[in-house]
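# What the coordinates show
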Amino acid sequence: MKKLFVYLLTCLFLFAPVAHAWDGVAFSSRAGVNPTGLVFAGLPLHSTLSSIRDRSRQDNDFEQNTVGKQYAFASSMNASNPVWDLDGSDFIAQKTYDINQGAMTFVADAGAAEFRDAGQDFSDWETAPAAGLASYRIVITTNNGISYGYMGASNNGGTDIDIYSDYALTTRGWKGRTTPQVSPDTAASYVVYKIIGTTNLAGDQSHIFLGVKPDDGQGVDQTFSSIQDNSLGDFRSMLFYKKDDGHVWIYLSGDGVNTTYEKTDAVIYANGAQASFNQIGFVYNGTTCVIYNNGSVEASTTTGAIPASFFDSHIPLAIGGLNVTSLPAGYLNGQIALYLIYERALTAAEVQRLVLQAWEEGLVSQN
Amino acid sequence: MKSLKIAIFTFVLIGLSTLGLRSIPQPSLPLAVVDGGTGSGLKLGDVVTTTPITGGVNDIFPGADADTLTLGITMLGDLAVTAPVTGAASDVFPGANGAKATIGVATALTSAEGVSELATGAETITGTATDRVVTPAGLVARLTDIGTTITDDFPDIDAAETVALDITGLPGDDVQSTLIRIYLADGVNDPGADINVNFRLEFFTKDTKLGQDRIGKPIYFNLTYTEVKTGTWSAAGTGGDLDSSAGLLVYDWIRLMGGTAESVNLVTITDADTVVVTTLVNGHAVDEGICREVRIVDSFPLSDADETGEIHAKLTSLADPGDAIGITIAVTVK
């Protein structure tokens with residue numbers, strides 16, 4: 001699949017009608033911004049955004065999801081426009097590895113959390129505690145609920161993996177249902193996915209879509225991005241979406257429950273077909289959540305209390321939908337050109353310059 | 001009696017002299033000098049080192065009593081390393097006491113060593129001389145002289161609108177931009193309230209400014225206006241407080257519009273209303289304007305197909321700035 005993705009990406013690179021007289025011009029010297037803290041660049045295609053492309057984290061392994069199916073997102077890239085085309089029935093999510101190999105058991109490793117798949121080799125996903133922050137998370141569905149944790153060192157020939165409750169790999173333990181290593185929990189299945197950034201998007205962060213164009217500005221709720229599972233009441237982190245009335249909303253959860261949201265005061269998307277892309281985003285700093293539209297701060301109202309940090313949900317990041325375990329929902333019907341996530345609260349000027357760069361580099365036209 | 005003793009003593013001396021030195025021939029004086037003569041004779045010691053070399057009437061060097069002997073001296077030490085090469089009256093280089101000696105030195109060439117004149121700043125900028133050496137000052141003069149700079153103002157903008165400008169006075173019809181600076185006009189067109197507006201700048205080959213004649217792609221930037229807040233930014237100081245730092249980023253150029261306008265770099269954004277800039281030359285009082293100065297350093301052709309020596313530009317404000325604002329553009333071309 002990786003070879004297919006590379007092949008498709010190469011083809012699109014070669015044949016996409018992207019041509020500028022000044023392709024050699026330095027990356028937007030008048031805008032002059034390339035903010036630090038970039039932890040994810042969902043980059044469908046563009047030939048000139050080298051500074052972002054080089055710093056992107058394509059190894060986060062995103063893929064397109066439909067109900068009951070999974071395939072590489074490259075398959076739906078629009079060859080004539082550098083965008084992801086989403087048709088309202090699929091979305092893009094952090095790739096998860098769902099590959100049970102054998103008998104699964106929770107191992108009480110001298111009282112410390114550990115998981116065993118008798119047919120698995122966990123060494124590909126292990127991170128020795130001395131090596132630093134964890135790279136992968138494992139989410140296990142049990143007969144008593146969801147247990148998840150950060151993956152430390154493997155042992156016992158790779159069949160066992162040490163489980164930590166913190167990203168820094170300092171405390172052995174589980175999250176979610178926290179006592180699975182003790183009977184009677186039984187593992188039914190598990191998935192593994194790569195962690196984004198240094199806090200799995202729990203701390204200060206900025207999400208910038210450069211840009212997004214729903215086919216219909218209102219009509220139904222449509223998700224820009226989410227770390228959210230609507231089938232569960234306590235595993236919600238962030239939900240960034242367009243409300244059915246054209247306002248933009250962001251749910252921010254510090255406890256896994258949706259009680260706080262930020263909502264634009266004005267309608268961002270008019271009803272009906274959209275004529276242009278919007279550069280839409282938000283910046284969260286633990287105290288405030290500011291919504292940006294085309295590089296400018298959009299007046300908004302907070303309902304509830306802004307959490308000091310996001311809930312460390314076990315749900316992978318999804319683009320263009322809600323990555324609901326039981327049934328995906330909230331699909332976006334439209335196009336996404338570039339999605340940037342920074343593990344830092346960008347300043348207003350940085351967001352503005354990013355938008356100016358996007359226009360100047362021809363990433364997306366203004367219409 | 002005493003006279004007798006003297007006479008006897010004298011007689012004895014004469015007698016002794018006659019008996020003891022009778023074998024030494026008595027020379028006749030003065031000595032005859034024979035050209036090419038050989039044989040042994042009276043020998044002289046070293047020549048004295050003081051001048052003149054002279055003596056009494058019957059000496060070898062009898063001074064004024066005989067012809068002057070000329071000694072040829074050919075041995076010299078090193079030249080002094082200090083200038084001028086000079087000395088006392090009788091030295092080889094007698095300074096003010098003798099004629100000046102001229103030392104001929106070859107002119108430096110690309111193929112030979114020699115000496116060369118230093119180039120002036122103007123000669124360095126002209127860049128045609130091949131017999132001058134560039135000085136550090138000349139190098140700075142050349143580097144700072146990056147072409148011809150033409151400054152003009154766009155028509156005032158007071159809405160989301162497009163204004164056009166034909167910049168005249170270019171040195172030709174096919175120039176190359178090296179620097180474009182854009183900022184709110186100094187001292188005038190104060191919009192009053194802070195603004196932060198996005199703009200699009202386009203250049204065209206013809207004064208009709210049609211899309212088909214656009215040079216390259218549009219250039220996007222933001223111009224932000226704010227003011228000195230509660231305390232004067234003093235001359236030789238590094239900034240202070242301002243109404244808002246929103247719209248500015250570290251390393252931006254900012255234009256201090258009031259008083260004697262100047263451009264400085266933004267070093268640090270301390271907080272929402274305090275910044276640090278590079279050292280100011282002039283003071284700037286409370287409520288005087290501060291704006292971002294956009295600098296486009298890309299080099300690209302600004303050809304004029306009309307052959308009128310102009311740059312054809314359009315500037316579009318992507319939002320209403322509120323009150324009317326004037327925008328200056330300074331284009332440096334080669």
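Residues numbered from 1 in each chain as written. Chains lettered and ligands numbered in written order. Predicted model: local features only at pLDDT ≥ 70, side-chain atom pairs only at ≥ 80, totals over all residues.

## Section: the overall build of chain B
Counting its secondary structure elements, chain B contains three helices and 15 strands. Counting across all 334 residues of chain B, residues that qualify as buried make up 22%. Contacts in chain B between residues far apart in sequence, at least 24 positions, make up 65% of those at least 6 positions apart. (Helix = DSSP H or I, 4+ residues; strand = E, 2+ residues; numbered from the N terminus. Buried ≥ 20, exposed ≤ 12 C-beta atoms within 10 Å, placed from the backbone. Contact = placed C-beta atoms within 7 Å.)

## Side note on the overall build of chain A
Looking only at helices and strands, chain A features three helices and 25 strands. When each of the 367 residues of chain A is scored for burial, the buried share is 49%. In chain A, once contacts between residues fewer than 6 apart in sequence are set aside, the share between residues at least 24 apart is 70%.

## Notes on the domain arrangement of chain A
The domain architecture assigned to chain A consists of domain 1 (2-94 + 200-360) and domain 2 (104-194). With seven residues of domain 1 of chain A at the contact, the number on the domain 2 of chain A side is eight residues. (Domains from an automatic or database assignment.)

## Here's the deal with the nonpolar core
What tends to happen in soluble globular proteins is that the nonpolar side chains get buried as a cluster. Residues and elements named next belong to chain A. Formed by 101 residues in total, the largest nonpolar core has its most connected members in Leu210, Ile250 and Phe282. The leading source of residues in this core is helix H3 (residues 348-360), at eight residues. Residues Phe106, Phe122, Trp125 and Tyr167 belong to the second largest nonpolar core, which totals 23 residues. (Core = buried A, V, L, I, M, F, W, Y, C linked by C-beta atoms within 7 Å.)

## Regarding the pairing of strand E25 (residues 339-342) of chain A
Residue and element names in this part refer to chain A. Residues of E25 alternate between two faces, with Tyr339 and Ile341 on one and Leu340 and Tyr342 on the opposite face, all of them buried. Alignment of strand E14 (residues 205-214) against E25, held across four bridges, turns out to be antiparallel. Its bridge partner being in E25, Phe209 is matched across the sheet by Tyr339. (Pairing = 2+ DSSP bridges.)

## Let's talk about the confidence of the model for chain A
All names here are of chain A. For chain A, the average pLDDT comes to 77, and 74% of its residues sit at 70 or higher. Per-element mean pLDDT across chain A ranges from 31 in strand E3 (residues 69-71) up to 97 in strand E22 (residues 300-303). Segment residues 1-29 is flagged for pLDDT under 50; beyond a separation of four residues in sequence, or across chains, it makes 41 contacts in the model. Of the regions scoring below 50 in pLDDT, residues 45-60 engages in 32 contacts with residues more than four places distant in sequence or in other chains. (pLDDT = per-residue confidence, 0-100.)

## What about the pairing of strand E7 (residues 214-227) of chain B?
Residue and element names in this part refer to chain B. Strand direction decides the pairing type here: strand E6 (residues 195-204) and E7, joined by nine bridges, are antiparallel. Of the residues in E7, the one forming a bridge with Asn198 is Asn222. With three bridges connecting them, E7 and strand E12 (residues 289-296) associate as antiparallel partners. Looking at E12, one finds that Glu227 is bridged to Gly289.

## Things to note about unusual backbone geometry
Of note, the amide linkage connecting Leu210 of chain A to Gly211 of chain A takes the cis form, showing an omega dihedral of 0°. Backbone geometry at Leu169 of chain A places phi at a positive 60°, although glycine is not the residue there. In this fold, Leu169 of chain A is placed in the loop between strand E11 (160-164) and strand E12 (175-176). Look at Leu169 of chain A and you get buried, because 22 C-beta atoms sit within 10 Å. Residues other than glycine seldom take positive phi values, yet Lys209 of chain B does so here, at roughly 55°. Judged by the 18 C-beta atoms lying within 10 Å of it, Lys209 of chain B falls in the partly exposed class.

## Focus on the environment of Arg132 of chain B
All names here are of chain B. Among the secondary structure elements, Arg132 is positioned in strand E2 (residues 132-133). The class of Arg132 is partly exposed, set by 16 C-beta atoms lying within 10 Å. Each C-alpha atom of the pair Arg132 and Pro218 lies 44 Å from the other, and the pair is 86 residues apart in sequence. Once residues within four sequence positions are removed from consideration, Arg132 is found in contact with Ser116, Glu117, Leu118, Ala119 and Glu123.

## Concerning the environment of Thr107 of chain B
With respect to the helices, strands and loops of the structure, Thr107 of chain B is situated in the loop between helix H1 (2-20) and strand E1 (117-118). Residue contacts for Thr107 of chain B: discarding those within four places in its chain leaves Gly114, Val115, Ser116 and Asp131 of chain B.

## What to know about H3 of chain A
Helix length check: H3 of chain A, at 13 residues, gives a terminal C-alpha distance of 18 Å against a target of 18 Å (1.5 Å per residue), a fit within 8%. Counted residue by residue, H3 of chain A has 13 buried out of 13 residues, so it is predominantly covered. (Expected span 1.5 Å × (residues − 1).)

## Points about the environment of Lys95 of chain A
Residues and elements named next belong to chain A. Assignment of secondary structure puts Lys95 in the loop between strand E5 (90-94) and strand E6 (96-97). For Lys95, a count of 22 C-beta atoms within 10 Å gives the class buried. Sequence-wise, Lys95 and Ala318 are 223 residues apart; in three dimensions their C-alpha atoms are separated by 9.5 Å.

## Side note on the confidence of the model for chain B
Across chain B, the average pLDDT comes to 80, with 68% of residues at or above 70. Predicted complex metrics record ipTM = 0.71 and pTM = 0.71.

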